[in-house]
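Per-entry structural report
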Amino acid sequence: MRVLAAMSGGVDSAVAAARMAEAGHDVVGVHLALSRNPQSYRSGARGCCTIEDSRDARRAADVIGIPFYVWDLAERFHADVVEDFVAEYAAGRTPNPCLRCNEKVKFSAVLERALALDFDAVATGHYAQIVETASGRELHRAVDHAKDQSYVLGVLTQEQLKHAFFPLGDTVKTEIRAEAERRGLSVAAKPDSHDICFIADGNTPGFLAEKLGAAPGDIVDSSGTKLGEHSGTHGFTVGQRKGLRIGTPAADGKPRFVLDISPVDRTVTVGSREELAVESLVASKPRWCGPEPTETLQVKAQLRAHGDEVAVTARVEGNQVFVDFDEPTAAVAPGQAVVLYDGTRVIGSATIDSVQRAAAKV
């Protein structure tokens with residue numbers, strides 16, 4: 001097969017490309033230039049789209065012995081990922097830019113271009129597995145659960161999975177690094193990238209404040225009593241505990257958490273850990289990795305990229321997914337993705353619109 005290997009400049013994508021070439025495929029490496037100004041994105045070990053990363057990817061392609069190109073997708077990335085990130089925070093929601101990048105860039109723009117150039121598939125260094133079945137391809141968790149990235153791939157459709165390869169899903173990370181060393185890849189010891197690639201200093205509140213400006217408002221408790229002030233709702237996420245800067249301690253002396261964010265009236269509501277518990281949610285814009293479920297599901301759900309699974313009952317009604325938790329679950333934020341699992345198989349995902357807190361029904 002003709003395979004386009006997306007090479008970020010890290011060890012995972014380099015080994016993925018090497019494995020595809022070793023398997024006999026006709027492989028071409030491509031690095032995605034995602035920044036309008038590469039100097040403004042993370043550099044060194046923590047980056048994934050800098051000039052340095054591009055050079056690391058090119059060196060890896062040379063060692064593997066495959067052609068290498070750089071594709072400029074900066075405008076698409078800015079529109080579909082960066083602007084979406086800012087707009088979601090402005091609306092009081094908590095987005096996942098990596099998930100959006102997979103949906104809009106890596107497995108949309110890149111895959112579309114690859115197919116137009118007569119490639120059969122795109123291979124990446126994501127930790128996930130594809131299982132061939134009689135009814136089609138299934139997306140499953142990686143063997144290395146600590147590195148599993150199936151959550152951010154839960155937006156992929158069956159058609160996209162037909163043209164995807166994840167060569168690392170059956171291997172743990174320590175073995176990937178050892179393999180890279182054996183293959184003579186200079187990125188074998190390169191640290192993993194972390195945080196958000198387009199926020200150079202890792203200061204998300206500062207980045208959002210620069211983009212959105214100051215919009216001061218009140219911090220209140222669940223009864224509406226004013227506890228303090230803030231410079232902008234974009235500086236908060238549901239479930240946040242640190243950095244609230246509330247001068248008045250809680251009556252019981254326990255920590256407070258962000259319960260709700262309302263950009264319209266510039267109010268941030270805080271409360272106890274118990275008030276944070278959610279018993280159900282409604283999500284929209286579902287994306288199914290296979291056939292759309294037609295019956296009520298007793299499955300597991302994951303709510304954050306590195307979060308734990310929780311048991312849920314889910315049902316689909318048109319463009320909405322209704323999820324009830326078996327046990328109240330904390331820190332569920334609108335804007336996040338809820339990804340449903342049947343064992344290790346990814347059923348699909350949807351974007352959380354609203355939640356029902358357990359305390360609200362008491």
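On a predicted model such as this, the values are computed, not experimentally measured, just so you know.

So, about the confidence of the model for the protein chain. Parts of the prediction with low pLDDT should not have their coordinates interpreted in detail. Per-residue pLDDT for the protein chain has a mean of 91; in total, 95% of the residues score no lower than 70. Throughout residues 42–47 the model reports pLDDT below 50, and contacts reaching past four residues in sequence, or to other chains, amount to 24 contacts.

Along the chain, the position of Lys190 falls in the loop between α6 (173–182) and α7 (204–212). We classify Lys190 as buried; its relative accessible area is 13%.

According to the stated counting rule, one finds 26 salt bridges in the structure shown. The salt bridge partner of Asp84 is Arg100, with a shortest N-O separation of 3.6 Å. Residue Asp84 is located in helix α3 (residues 74–90), and its partner Arg100 is located in helix α4 (residues 97–116); the two are separated by 16 residues in the primary sequence. What makes Asp84 partly exposed here is its relative accessible area of 24%. Given the relative accessible area of 15%, Arg100 is considered buried. The network of salt bridges with common partners includes Asp12, Lys147, Lys173, Arg177 and Asp192.

In contact at an axis separation of 10 Å, helix α1 (residues 11–22) and α6 are set at 70° when each is read in the N-to-C sense. By the criterion of interaxial angle, the relationship of α1 to α6 is roughly perpendicular. Considering how the two elements wind past one another, α1 and α6 form a crossing that is left-handed. Taking contact as the criterion, the partners of Val11, Asp12, Val15 and Arg19 in α1 are, on α6, Lys173, Ile176, Arg177, Glu179 and Ala180.

Before going further, it helps to spend a moment on the sheet that holds strand β2 (residues 26–33). Strand order in the open sheet made by the five strands is β3-β2-β1-β4-β7, with parallel pairing throughout. Each end of this open sheet is capped by a strand with a single partner; those strands are β3 (68–72) and β7 (164–165). Sheet strands touched by helix α2 (residues 51–64): β2 and β3. Its angle to β3, the strand with the most contacts, is close to 150°.

The terminal C-alpha atoms of α3 lie 22 Å apart, and with 17 residues this matches the ideal 24 Å at 1.5 Å per residue to within 8%. Residue Asp84 marks the point of greatest curvature in α3, where the axis turns by about 30°. Three or more residues of α3 are buried, namely Ala74, Phe77, His78, Val81, Val82, Phe85, Val86, Glu88 and Tyr89. Directly beyond the C-terminal end of α3, a positive phi value near 80° is found at Gly92.

On the basis of which strands lie adjacent, the open sheet formed by four strands has the order β9-β8-β11-β10 and mixed pairing. The two strands at the open ends of the sheet, each matched to only one other strand, are β9 (226–230) and β10 (257–262). Each strand axis lies, on average, 25° off the axis of its neighbour in the sheet, ignoring direction. Two strands pair when backbone bridges link them, and β10 and strand β11 (residues 267–271) are joined in this way by five bridges, in the antiparallel orientation. Looking at the pairing, Ile261 lines up with Val268 of β11.

Sites flagged by UniProt as "domain: tRNA-specific 2-thiouridylase MnmA-like central" (unreviewed entry) map to residues 207–271. Taken end to end, residues 207–271 is 9% helix and 32% strand, and its two terminal C-alpha atoms sit 26 Å from one another.

Okay, the environment of Phe119 next. Inspection of the secondary structure puts Phe119 in the loop between α4 and β4 (121–123). Phe119 sits 91 residues away from Val28 along the chain, and the two C-alpha atoms are 9.3 Å apart. The residues contacting Phe119, other than those within four sequence positions of it, are Arg2, Val3, Leu4, Val28 and Ala114.

Let us look at the UniProt feature "binding site: ATP" (unreviewed entry) in the protein chain. Using the residue numbers shown here, the UniProt feature "binding site: ATP" (unreviewed entry) corresponds to Ala6, Met7, Ser8, Gly9, Gly10, Val11, Asp12, Ser13, Leu32 and Gly125. Mapped onto the secondary structure, Ala6 falls in strand β1 (residues 2–6). Relative accessible area serves as the criterion here: at 16%, Ala6 is assigned to the buried category. Apart from the residues lying within four places of it in its own chain, the contact partners of Ala6 are Ser13, Val30, Ala123 and Thr124. Accessibility expressed as a relative area gives 2% for Met7, which makes it buried. With near-sequence residues (within four places) excluded, Met7 lies in contact with Ser13, Ala14, Ala17, Gly29, Val30, His31, Ala57, Ala60, Ala61, Ile64, Ile66 and Phe68.

The rules we used
Residues numbered from 1 in each chain as written. Predicted model: local features only at pLDDT ≥ 70, side-chain atom pairs only at ≥ 80, totals over all residues. Heavy atoms only, no water. pLDDT = per-residue confidence, 0-100. Contact = heavy atoms within 4.5 Å. Helix = DSSP H or I, 4+ residues; strand = E, 2+ residues; numbered from the N terminus. Buried < 20%, exposed > 50% of the residue type's maximum accessible area, 1.4 Å probe, protein only. Salt bridge = Lys/Arg side-chain N within 4 Å of Asp/Glu carboxyl O. Axes fitted to C-alpha atoms, helices over the stretch in contact; angles between N-to-C directions. Parallel < 35°, antiparallel > 145°, perpendicular 65-115°, else oblique. Left-handed = near helix turned anticlockwise from the far one by under 90°. Pairing = 2+ DSSP bridges. Expected span 1.5 Å × (residues − 1). Bend = angle between axes of the 7 residues up to and from the residue. UniProt positions renumbered as here; feature names shortened; annotations may be inferred.

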